[in-house]
Amino acid sequence: MSDLKLQNYMEKVVEKKLEEILTDRKEVCDCQQCKLDIMALALNDLPPRYVVTEKGEVFSKIDSLFVQFSTDVTTAIIKAIDQVKTQPRH
Ligand SMILES: [Zn+2]
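Below: a short report on this structure. (Residues numbered from 1 in each chain as written. Predicted model: local features only at pLDDT ≥ 70, side-chain atom pairs only at ≥ 80, totals over all residues. Heavy atoms only, no water.)

**A closer look at helix H2 (residues 32–45)**
Okay, step 1: Compared with the 20 Å implied by 1.5 Å per residue over 14 residues, the 20 Å span of H2 between its first and last C-alpha is a close match.
Okay, step 2: Residues of H2 that are buried include every one of Cys 34, Lys 35, Asp 37, Ile 38, Met 39, Ala 42 and Leu 43, and no others. (Helix = DSSP H or I, 4+ residues; strand = E, 2+ residues; numbered from the N terminus. Expected span 1.5 Å × (residues − 1). Buried < 20%, exposed > 50% of the residue type's maximum accessible area, 1.4 Å probe, protein only.)

**Quick word on the coordination of the zinc ion**
Okay, step 1: Here the zinc ion is held by Cys 29 (SG), Cys 31 (SG), Cys 34 (SG) and His 90 (ND1), and the distances to it run 1.9 to 2.3 Å.
Okay, step 2: With 4 donor atoms in place around the zinc ion and angles of 91 to 120 degrees between them, the coordination shape is tetrahedral. (Donors = N, O, S within 2.8 Å, 3.2 Å for Na, K, Ca; no water. Tetrahedral: all angles 85-135°; square planar, octahedral: opposite > 155°, others 65-115°.)

**Details of the pattern of salt bridges**
Okay, step 1: On inspection of all chains with the given rule, the structure shows 5 salt bridges.
Okay, step 2: Between Arg 25 and Glu 27 there is a salt bridge, with the nearest N and O atoms lying 3.2 Å from each other.
Okay, step 3: Assessed through its relative accessible area of 51%, Glu 27 is described here as exposed.
Okay, step 4: Here Asp 45 makes a salt bridge to Lys 79, at a shortest N to O gap of 2.7 Å. Here the residue Asp 45 occupies a position in helix H2, and Lys 79 occupies one in helix H3 (residues 62–86), the gap between them amounting to 34 residues. (Salt bridge = Lys/Arg side-chain N within 4 Å of Asp/Glu carboxyl O.)

**A few points about the packing of helix H1 (residues 9–24) against H2**
Okay, step 1: Axis separation between H1 and H2 bottoms out at 10 Å; the angle between their running directions is 130 degrees. On the basis of the axis angle, H1 is oblique to H2. Our pair here, H1 against H2, has a crossing hand that is right-handed. Residues Met 10, Glu 11, Val 14, Glu 15, Leu 18, Glu 19 and Leu 22 of H1 form the contact with H2, whose participating residues are Lys 35, Ile 38, Met 39, Ala 42 and Leu 43.
Okay, step 2: Class assignment of the residues belonging to the contact of H1 with H2 gives a composition of 8 nonpolar, no polar and 4 charged. (Axes fitted to C-alpha atoms, helices over the stretch in contact; angles between N-to-C directions. Parallel < 35°, antiparallel > 145°, perpendicular 65-115°, else oblique. Left-handed = near helix turned anticlockwise from the far one by under 90°. Contact = heavy atoms within 4.5 Å. Nonpolar A, V, L, I, M, F, W, Y, C, P; charged D, E, K, R; others polar.)

**Things to note about H1**
Okay, step 1: The first and last C-alpha atoms of H1 sit 24 Å apart over 16 residues, in line with the 22 Å expected at 1.5 Å per residue.
Okay, step 2: Looking at H1, one finds that the buried residues are Tyr 9, Met 10, Val 13, Val 14, Lys 17, Leu 18, Ile 21 and Leu 22.
Okay, step 3: Two or three places before Met 10, at the opening of H1, Asn 8 has a side-chain oxygen 3.0 Å from that residue's backbone nitrogen. (Polar contact = N/O pair within 3.5 Å; in protein donor to acceptor, adjacent residues only side chain to side chain.)

Below, the structure written as C-alpha cells:
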C-alpha cells in the first residue's frame, strides 16, 4: 500500500516535451523557475491523466500517451513559453 503512488502522467509528458522544445529554442530561459512556471501554465491548460503506480515502476504507458497528446501538449507549452517570456519571475 505504502508503495503505491498517485501520479499525473500528463506531468511526465509535459516535462519530456518541454525538454525537447527548449533544445530547439535557445532564446527561452531554461532556469528552474522559468521551467516550472512553463510547466504549471501548460498543465493548467491540459486535462490531467491520473494513474496509480508502484514505487519505481517504469512509465511504460508514457510513449503511447506521449504520441496521443503530443500536439496538444506542444500547443500548451508554446503558449506558456510566450507568457513566461513576457513576464519572467527569475
Ligand atoms: Zn529564467
